[in-house]
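Each chain, written out:
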Amino acid sequence: MSHLEDDSLNPIERAVHRILHGYLEFFYDAWTNLNINAISGDYVEFGSWGGNTMNQAYKALCLTGLTDRHLWAYDSFDTLPEAQDDRDYHPGWNPGGAMGGGGVDKFYEACDRHGIPREAYTATEGYFEDTIGTAEPDDPPADIAMCLIDCNLYSSAATCMEWLQPRLKHGMILAFDDYWCWSPDKISGEQSLLMEFQRDHPEWTFDRYHTIARAGLSFVVFDAAQMPG
Ligand SMILES: C[S@@+](CC[C@H](N)C(=O)[O-])C[C@H]1O[C@@H](n2cnc3c(N)ncnc32)[C@H](O)[C@@H]1O
């Protein structure tokens, strides 16, 4: 019986189960495939605040026995930034308003509750512009197997892609949590970002991989030079 049919759960519990199960399924398959395909590296997450996706990523690492991979969490742990671009607008987001908050200590508490040991991850607090935006090329993480972008706004995700661009590698997985968040008159911020990135960086190909829970989509990154001509 699937959790969608489980009468012992109320509708909200059912929806939460379905979402968490969707993340766990994605992470489990992704880590298994990365391992089988000998893709080394860590997990990087942009937008970590509640610790939910971090928890599922870590759970899947435990299930697959791959806990030697480090987890990197980046977030302001504060409000969503103000909109900087027309593509930041979406009916479901509130730029400049509440989402996240409580500082990095709340995130540590959430990870403790989930049983994620402190040495398994590194949390960096601050707006991306001030953290990864000022990173040196050699700053860790040096080797990335999987990156999840879950920061809602187009302009926030664009900062992440700018940082990630020189760190992309053949075979890694790139995931967007809000890929299927479109609006009546716009395609999704993350979707348009990836389309623009592909246009500007033809050296990379993004091959569609797993959907993630309700609105996410992931890709395997390939060196375009390896593609059959
Ligand atoms: C949907 S929440 C992340 C939820 C998290 N993945 C979880 O499962 O609990 C999005 C987060 O992105 C963060 N964020 C968005 N833009 C940001 C930016 N430019 N710099 C830092 N954090 C940002 C917000 O503060 C918010 O905490």
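For the structure, check the block above.
Residues numbered from 1 in each chain as written. Predicted model: local features only at pLDDT ≥ 70, side-chain atom pairs only at ≥ 80, totals over all residues. Heavy atoms only, no water.

For the rest of this paragraph, the subject is the nonpolar core. F27, W31, Y43, L71 and M146 are the most contacted members of the largest nonpolar core, which has 31 residues in total. Secondary-structure elements contributing two or more residues to this core are α1 (11–36), α2 (52–64), β2 (71–75), α3 (103–114), β3 (121–125), β4 (144–149) and β5 (173–176). With six residues, α1 is the largest single contributor of residues to this core. Those residues in contact with L71, other than ones at most four positions away along the chain, are Y43, M54, A57, Y58, L61, I116, A120, Y121 and T122. F46, A157, F197 and L217 belong to the second largest nonpolar core, which has 29 residues in total. (Core = buried A, V, L, I, M, F, W, Y, C linked by side-chain atoms within 4.5 Å. Buried < 20%, exposed > 50% of the residue type's maximum accessible area, 1.4 Å probe, protein only. Helix = DSSP H or I, 4+ residues; strand = E, 2+ residues; numbered from the N terminus. Contact = heavy atoms within 4.5 Å.)

The subject of this paragraph is the site of the ligand. Contacts to the ligand come from 22 residues, most closely from G47, T53, D75, D150 and S156. A distance of 3.3 Å separates an oxygen atom of the ligand from a polar backbone atom of G51. Out of a free accessible area of 590 Å², the ligand has 95% covered by protein chains. Tallied by class, the residues present in the shell around the ligand amount to seven nonpolar, 11 polar and four charged. (Near = heavy atom within 4 Å. Polar contact = N/O pair within 3.5 Å; in protein donor to acceptor, adjacent residues only side chain to side chain. Areas by Shrake-Rupley, 256 points an atom, 1.4 Å probe, with all protein chains shown as cover. Nonpolar A, V, L, I, M, F, W, Y, C, P; charged D, E, K, R; others polar.)

A surface patch of negative charge is lined by D78, D105, E109 and E125. Of note, D105 is situated in helix α3. For D105, a relative accessible area of 52% gives the class exposed. (Patch = residues over 30% accessible without salt bridge, like charges linked within 9 Å, V, L, I, M, F, W, Y side chains within 5 Å. Salt bridge = Lys/Arg side-chain N within 4 Å of Asp/Glu carboxyl O. Lys, Arg positive; Asp, Glu negative; His and termini not counted. Charge placed at Lys NZ, Arg CZ, Asp CG, Glu CD.)

A full pass over the atoms with the stated rule returns six salt bridges. Across the salt bridge formed by K186 and D86, the nearest N and O atoms sit 3.8 Å from each other. Linking K186 in the loop between β5 and α5 (189–200) with D86 in the loop between β2 and α3, this pair joins segments that are 100 residues apart in sequence. Taking the shortest distance from any N to any O, the salt bridge between D112 and R118 comes out at 2.8 Å. You can call D112 partly exposed: its relative accessible area is 40%. In the salt-bridge network here, residues are joined through shared partners; they are D85, R87 and E196.

Moving on, we come to the packing of aromatic side chains. Going through the model one piece at a time under the given rule, you end up with 15 aromatic pairs. Seen from their ring centres, F46 and W163 are 5.5 Å apart, and the 80 degrees between their planes marks the pair as edge-to-face. Of this pair, F46 sits in strand β1 (residues 42–46) while W163 sits in helix α4 (residues 154–164); the two residues are 117 residues apart in sequence, bridging distant segments of the chain. Per residue, the accessibility class of F46 equals that of W163, and both read buried. (Phe/Tyr/Trp six-rings, centres within 6.5 Å; stacked < 30°, edge-to-face > 60°.)

What follows deals with the sheet that holds β1. Overall, mixed pairing links the seven strands, which are arranged β3-β2-β1-β4-β5-β7-β6 in an open sheet. Strand pairing shows two members of the sheet lacking a second neighbour, β3 and β6 (204–212), which therefore form its edges. Between one strand and the next, the sheet's axes are offset by a mean angle of 20 degrees, whatever the strand orientation. Two elements, β4 and β5, share four bridges in a ladder whose sense is parallel. Looking at the pairing, I149 lines up with F176 of β5. Packed on one face of the sheet, α3 meets β2 and β3 and runs near 155 degrees to β3. (Pairing = 2+ DSSP bridges. Axes fitted to C-alpha atoms, helices over the stretch in contact; angles between N-to-C directions.)

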